[in-house]
Amino acid sequence: MEIVVCIRRAPTTDARIKPAADGKNYEPAGINYDISEYDKFAIEAAIQLKEKHTGKVTVLCMGSKEATKEVRTAIAMGCDAAELLVDEAFRDSWATASALAARLKSLPHDIVLFGWNSVDNQSASTGQMVAELLGLPSVSVAVSMEVADGAAQIERLAAGGKREKYYIKLPAVVTCQKGLNKYRSPNMKGIMAAKKTVVAETPANAPADGVAVLRLQPPPPRADGKIVGKGADAVNELVRLLREEAKVI
Amino acid sequence: MPDVLVFVEYSEGKPVKAALQALGAGSRLATELGGTAIALVIGGDGGELGKKGAGRVLVASGDAIKAYSPDGYARILADQAAATRAAVVLASATPMGKDFVARAAARAKCGLAADCTELKVEGGKPVAVRPVYAGKAMLAVQAPGTLWATLRPNAFGEATSSDAAKIEPVAVGFDAASLMAVVREIVEGVRGKLDVAEAEVVVSGGRGLKDPAGEGKQNWQNLEKLADAIGAAVGASRAVVDAGWRPHGDQVGQTGKTVSPKLYIACGISGAIQHLAGMSGSKVIVAINKDENAPIFKVADYGIIGTVEEVVPALTEAFSKSLRG
Ligand SMILES: Cc1cc2nc3c(=O)[nH]c(=O)nc-3n(C[C@H](O)[C@H](O)[C@H](O)COP(=O)(O)OP(=O)(O)OC[C@H]3O[C@@H](n4cnc5c(N)ncnc54)[C@H](O)[C@@H]3O)c2cc1C
Ligand SMILES: Nc1ncnc2c1ncn2[C@@H]1O[C@H](COP(=O)(O)O)[C@@H](O)[C@H]1O
């Protein structure tokens, strides 16, 4: 099986994000990066597919040259090959999906796996857009997946905790949600392999953003809160405040 | 024409609340732009949408819409976006909207402003504002052509209108055989369970409630009772989900669900940055924690310092009394 997993380099979830002087990007000083959390479930799903069906897992990432660090982490987890589509700017999901789809046209794939949502851009769109651009079926927010005989049975999380069941033919795009698996950590053998892997770098073939950034701004500030009191004695006052002051009940 | 096309999601024959909110947002934006809000319904009758802000109501029909299909719905929405020449295309950012609207936008060769919390007009052009970095920043975006956006549930209000819309059937120009992915079966979640991402009130529990299989059993029952008393969904911190105390669908935070209810009550939750990221868009935040230095109190509008054992049952009682009286 030819398995491709698309991963994104994103600021770690504990990063303090402040707008930069240009008003369009964030201040990069002091920010650490990691593989966007849900992409790790996609990597794990890819490795499990390889272990079960044999084949090859290729990591595909569009990002700055520094993203080789995240790509190598994916190799250390158990992926086989890696490719970086070099692009230094923050891109929207349309530009990203277009660049990934352009590369996938000549990269063999039986299944292309994504995180269901990136922790920074939070668009939850890139995978479905790639599927549409390649004319492939897509199932997003997968929480279970069985692959056999060129087809996949997938459950996705829908409204109200319901699960929708799909049977689709491969090749296909699947975006992965927590619950699909528990991802592994890199082991010694993987870390050694990652050191030796040559990460192929090509310039990303990305069009202009589909939605252009006008400004990045801080969220609206929250008014200072108050401590209503201590213990059970405070509940009546809290309910009164919610009713009369905040007017939410 | 600067019309606004709004996909209105139906579930069990009725428009879902988040979709009526999107229609409300669409009708206000259309008024500002000098156009009409056009509702698009797939799998419903569109009956009451004229009263909810729609100037026109398009209702799709055909054998291709018998069951939900992401590629099928995407084709219908992209086709209607082209046919109506809408300046803006909106949908609610529900699990369904998030799934297929991205495909539809790509089909129309457009980007998507996902999960927006604000829509406005600047210099005559529509602008969408969306939280990024889990709400630590807001991104204002504009499209060169049609603006496609999905809207976060509860971030927009519904509209009311005079009910002058007529229902216009639109035939779907492809058949079921051409669909690539179709829902075959729906496995029910817990019956009647409210989804945290869609609920107007959320009561969340953290590690402070302790193990429900051990000494925390009563605490979690008390939390459920509190949620029942005020019609809330139950959420959880990641610590609780990772411990297997609650299903992962309940997790609130940067790597869980983003919620924006009118009332969020955090019980026994410390308020780690990743948790705050998922709930700081709530209108009013209440925190119950025994540690007065817990970071959750920094974002809470109202806090009670105390144990969940003591405060949660008392609060249920006080709410019930207040709702009765
Ligand atoms: C990549 C990444 C992603 C993450 N994503 C998320 C996410 O999406 N959502 C999320 O929630 N977390 C997330 N986290 C985890 C986060 O950092 C915290 O570890 C987690 O939120 C802590 O959960 P908690 O508040 O329930 O537990 P704790 O931090 O242990 O806090 C328990 C709180 O309960 C209080 N308490 C104890 N006993 C009582 C009592 N009897 N009565 C009242 N109060 C009591 C304590 O004072 C304390 O404040 C993520 C972490 C990482 C690294
Ligand atoms: N620059 C990128 N390179 C490779 N994959 C990406 C990139 N950006 C996003 N993705 C993939 O698309 C998923 C959804 O991202 P988003 O649409 O931004 O929420 C991510 O979890 C990744 O799997």
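Quick look at the structure, then.

### Things to note about the overall build of chain A
Each helix and strand in chain A was counted, giving six helices and 13 strands. Seen through its C-alpha atoms, chain A measures out along the principal axes to roughly 65 × 45 × 40 Å. Expressed as a percentage of the 249 residues in chain A, the buried residues total 57%. For chain A, the proportion of contacts with a sequence separation of at least 24, taken over those separated by at least 6, is 71%.

### Focus: the site of ligand 2
All names here are of chain A. In the neighbourhood of ligand 2, 19 residues make up the surrounding shell, with Cys6, Asp39, Met62, Ala124 and Thr126 lying closest. Measuring from an oxygen atom of ligand 2, one finds a side-chain N or O atom of Asn117 at 3.3 Å. Within the contact set of ligand 2, an oxygen atom lies 3.0 Å away from a backbone nitrogen or oxygen of Ser125. Expressed as a share of its isolated accessible area of 490 Å², the protein-covered part of ligand 2 is 99%.

### Observations regarding the site of ligand 1
Taken together, 28 residues form the shell around ligand 1, and within it B:Arg207, B:Ser237, B:Thr255, B:Ser270 and B:Gln274 come nearest. Surrounding ligand 1 are residues belonging to chains A and B, so the site spans chains. B:Ser237 has a polar side-chain atom sitting 2.6 Å from an oxygen atom of ligand 1. The separation between a nitrogen atom of ligand 1 and a polar side-chain atom of B:Thr255 is 2.6 Å. Surface burial for ligand 1 is 79%, taken as the share of its 980 Å² of free accessible area covered by protein chains. By residue class, the composition of the shell around ligand 1 is five nonpolar, 16 polar and seven charged.

### Section: the interface of chain B and chain A
Counting residues at the interface gives 89 residues for chain B, matched by 83 residues for chain A. Here chain B and chain A share an interface that buries about 7,300 Å² over both sides, 57% of which is from carbon and sulfur atoms. For the chain B face of the interface with chain A, the top three residues by lost area are B:Arg103, B:Tyr133 and B:Tyr302, together amounting to 11%. Between the two partners, chain B and chain A, sit eight salt bridges.

### Comments concerning the pattern of salt bridges
Per the counting criterion, the structure on display carries 37 salt bridges over all chains. The partner of A:Glu201 in a salt bridge is A:Lys65, and the shortest N-O contact between them spans 3.5 Å. With A:Glu201 in strand 11 (residues 200-203) and A:Lys65 in the loop between strand 4 (56-63) and helix 2 (68-77), this pair connects stretches of sequence that are 136 residues apart. Since its relative accessible area comes to 36%, A:Glu201 is described here as partly exposed. A salt bridge links A:Arg163 to A:Glu155; its shortest N-O distance comes to 2.8 Å. The exposure class assigned to A:Glu155 is buried, which follows from its relative accessible area of 13%. Taken together, the shared-partner salt bridges in this structure form one network comprising A:Glu37, A:Lys178, B:Arg238 and B:Asp242.

### Section: the packing of aromatic side chains
Here the structure, examined in full by the defined rule, presents nine aromatic pairs over all chains. Here the aromatic rings of A:Tyr26 and B:Tyr133 are separated by 5.3 Å at their centres, their planes lie at 75 degrees, and the arrangement is edge-to-face. Remark: B:Tyr133 occurs in the loop between strand 9 (125-132) and strand 10 (137-142) and A:Tyr26 occurs in the loop between strand 2 (9-11) and strand 3 (33-35); the pair is interchain, linking two chains. With centroids separated by 6.3 Å and ring planes inclined at 35 degrees, the aromatic side chains of A:Tyr38 and A:Phe41 adopt a geometry described as tilted. Taken as a pair, A:Tyr38 and A:Phe41 lie in helix 1 (residues 37-53) at a separation of three residues, close to a single helical turn. The residues A:Tyr38 and A:Phe41 share a single accessibility class, namely buried.

### What to know about the packing of helix 3 (residues 93-104) of chain A against helix 4 (residues 126-134) of chain A
All names here are of chain A. Contact geometry of helix 3 with helix 4 gives a least axis separation of 8 Å together with a crossing angle of 45 degrees. Viewed along their axes, helix 3 and helix 4 adopt a mutual orientation that is oblique. Judged by the twist between their axes, the crossing of helix 3 over helix 4 is right-handed. Between helix 3 and helix 4, the contacting residues are Ser93, Trp94, Thr96, Ala97, Ser98, Leu100, Ala101 and Leu104 on the first element and Thr126, Met129, Val130, Leu133 and Leu134 on the second. Split by residue class, the contact of helix 3 with helix 4 holds nine nonpolar, four polar and no charged.

### Some points on the side chain of B:Asp71
All names here are of chain B. Looking at the element boundaries, Asp71 is found in helix 2 (residues 70-84). No salt bridge is formed by the buried Asp71; the nearest opposite charge belongs to Arg103, separated by 4.8 Å. Of note is the side chain of Asp71, whose polar atom sits 3.1 Å from the backbone nitrogen of Ala181. Ignoring anything within four residues of it in the chain, the contact list for Asp71 reads Arg103, Ser178, Leu179, Met180 and Ala181.

### Considering the packing of helix 6 (residues 235-245) of chain A against helix 8 (residues 308-324) of chain B
Remark: helix 6 of chain A packs on helix 8 of chain B, axes separated minimally by 9 Å, with the N-to-C direction vectors making an angle of 50 degrees. The orientation of helix 6 of chain A relative to helix 8 of chain B falls into the category oblique. The way helix 6 of chain A lies across helix 8 of chain B gives a crossing that is right-handed. Here A:Val235, A:Asn236, A:Leu238, A:Val239, A:Leu242 and A:Arg243 of helix 6 of chain A lie close against helix 8 of chain B, whose contacting residues are B:Val311, B:Ala314, B:Leu315, B:Ala318, B:Phe319, B:Lys321 and B:Ser322. Of the residues that constitute the contact of helix 6 of chain A with helix 8 of chain B, the class distribution is nine nonpolar, two polar and two charged.

The rules we used
Residues numbered from 1 in each chain as written. Chains lettered and ligands numbered in written order. Predicted model: local features only at pLDDT ≥ 70, side-chain atom pairs only at ≥ 80, totals over all residues. Heavy atoms only, no water. Helix = DSSP H or I, 4+ residues; strand = E, 2+ residues; numbered from the N terminus. Buried < 20%, exposed > 50% of the residue type's maximum accessible area, 1.4 Å probe, protein only. Contact = heavy atoms within 4.5 Å. Near = heavy atom within 4 Å. Polar contact = N/O pair within 3.5 Å; in protein donor to acceptor, adjacent residues only side chain to side chain. Areas by Shrake-Rupley, 256 points an atom, 1.4 Å probe, with all protein chains shown as cover. Nonpolar A, V, L, I, M, F, W, Y, C, P; charged D, E, K, R; others polar. Buried area = accessible area lost by both parts, 1.4 Å probe. Salt bridge = Lys/Arg side-chain N within 4 Å of Asp/Glu carboxyl O. Phe/Tyr/Trp six-rings, centres within 6.5 Å; stacked < 30°, edge-to-face > 60°. Axes fitted to C-alpha atoms, helices over the stretch in contact; angles between N-to-C directions. Parallel < 35°, antiparallel > 145°, perpendicular 65-115°, else oblique. Left-handed = near helix turned anticlockwise from the far one by under 90°. Lys, Arg positive; Asp, Glu negative; His and termini not counted.

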